[in-house]
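Here is how the chains run, residue by residue.
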Amino acid sequence: MAEAERAAGSPPGAVQVSVIVPVHNSECWLDECLKSVWEQDFKQTMELSIFNDASKDGSAEIIAKWKVKLEDAGVPVVVGSNDSAQPRGVGFAKNQAIIQSSGTYLCFLDSDDVMMPQRVRLQHEAAIQHPNSIIGCQVRREPPESTARYTRWINNLTEEQLLTQGVPEDLLFFYKHLQKGGGVLRVNRCLLLYRYHPQAATHSVHEETIWNHRVKFLEDRVLSTWTSFTIWNAGKQGKKLYRSLSPANRKKVTAFCDVDEKKIAKGFYTFEESEERPKPKIPICHFREATPPFIICVKQDLTGGAFETNLSMLNLKEGRDYYHFN
């Protein structure tokens, strides 16, 4: 849920929460999704704003059925649609659902996901207490073992790590929010069933696009305040990050560090793509010999705790001495 103040204060009878649902060919999951809106225990005013983006399956019929049920239960339903031959994409559909909505707060729900009955109530309470924050929650995956490491990670981030490590799907919205001084908070309850399947919108965004946005945000938010830093990972990911940096930020990299003796034995990494002569050579050292701050390009929860132990022994503070980029 994200706060979306439309005016200074809400007039009597105003809709408190709009549940925003973009839809495209979602008949497999939409019944369960909309049923979860109907089952919310939220006692204040709530509406459903749904936008059907050129679905060719039975999504429209399911929307029509639930419009009647929800409005009979006192929940207004606003339906918009793109009736052209081609969908405009999940971002477009989500924005259209927002434009046609009227709630003071927005609660985002993908058409393949399911809310627990307490979700709107608990996140609305948190949003009122933290008016400048995006409010998240813990999730469970369906199927249960899909992306298990990712699910453990997002459910266990501390309040500080939500700012330093949080990487939601809506990256540009999230980054713009942080750049404007907004906060991030999580209700520490599992309030959402988050499905993982080949048709999920997550897979529609090119990996390289996400990478480039993340690098830009890292440079703007973190590296702009550092005069030098070490990249923790002398392997593929660390080198890819180095190559992706602006020339000015590449010059700030004093070393790569690692635990792999073979990588360390090479002594340095040569940036072969550089047009500089001589080509830049970046030293490679053991992490114990490296100088913070670090940009850490090591995936967590993959080494049986070895990486986490190594990091902990350095007694560094996340957000000051290191940032994760993995």
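Conventions we followed
- Residues numbered from 1 in each chain as written.
- Predicted model: local features only at pLDDT ≥ 70, side-chain atom pairs only at ≥ 80, totals over all residues.
- Heavy atoms only, no water.
- Helix = DSSP H or I, 4+ residues; strand = E, 2+ residues; numbered from the N terminus.
- Contact = heavy atoms within 4.5 Å.
- Axes fitted to C-alpha atoms, helices over the stretch in contact; angles between N-to-C directions.
- Parallel < 35°, antiparallel > 145°, perpendicular 65-115°, else oblique.
- Left-handed = near helix turned anticlockwise from the far one by under 90°.
- Nonpolar A, V, L, I, M, F, W, Y, C, P; charged D, E, K, R; others polar.

The name recorded for the protein in an unreviewed UniProt entry is UDP-GlcNAc:betaGal beta-1,3-N-acetylglucosaminyltransferase like 1, from Gallus gallus.

Can you walk me through unusual backbone geometry in this structure?
Excluding glycine, residues mostly have negative phi values, and the peptide bonds linking residues are mostly trans. Put simply, arginine 277 and proline 278 share a cis peptide bond, and its omega is -5°. The residue after proline 292, namely proline 293, is reached through a cis peptide bond having omega 5°. By the secondary structure assignment, proline 293 is in the loop between strand S12 (281-286) and strand S13 (294-296). Backbone geometry places asparagine 25, a non-glycine residue, at a positive phi of 45°. Along the chain, asparagine 25 falls in the loop between strand S2 (17-23) and helix H1 (30-38). Backbone geometry places alanine 54, a non-glycine residue, at a positive phi of 55°. Within the secondary structure, alanine 54 is located in the loop between strand S3 (46-53) and helix H2 (59-72).

How should the side chain of threonine 270 be read in this particular structure?
Structurally, the position occupied by threonine 270 is in strand S11 (residues 268-270). Once residues within four sequence positions are removed from consideration, threonine 270 is found in contact with Lys279, Pro280 and Lys281.

Help me understand the packing of helix H8 (residues 207-221) against helix H9 (residues 236-244) in this model?
Two quantities define a packed helix pair, namely the angle between the helix axes and the distance between the axes. It is the contact of H8 with H9, at a shortest axis distance of 11 Å, that shows an interaxial angle of 70°. As the angle between them shows, H8 and H9 are arranged roughly perpendicular. The crossing of H8 and H9 is right-handed. Listed contacts from H9 to Glu208, Trp211, Val215 and Leu218 of H8 are Gln237, Lys240, Leu241 and Ser244. Per-class residue counts for the contact of H8 with H9 are four nonpolar, two polar and two charged.

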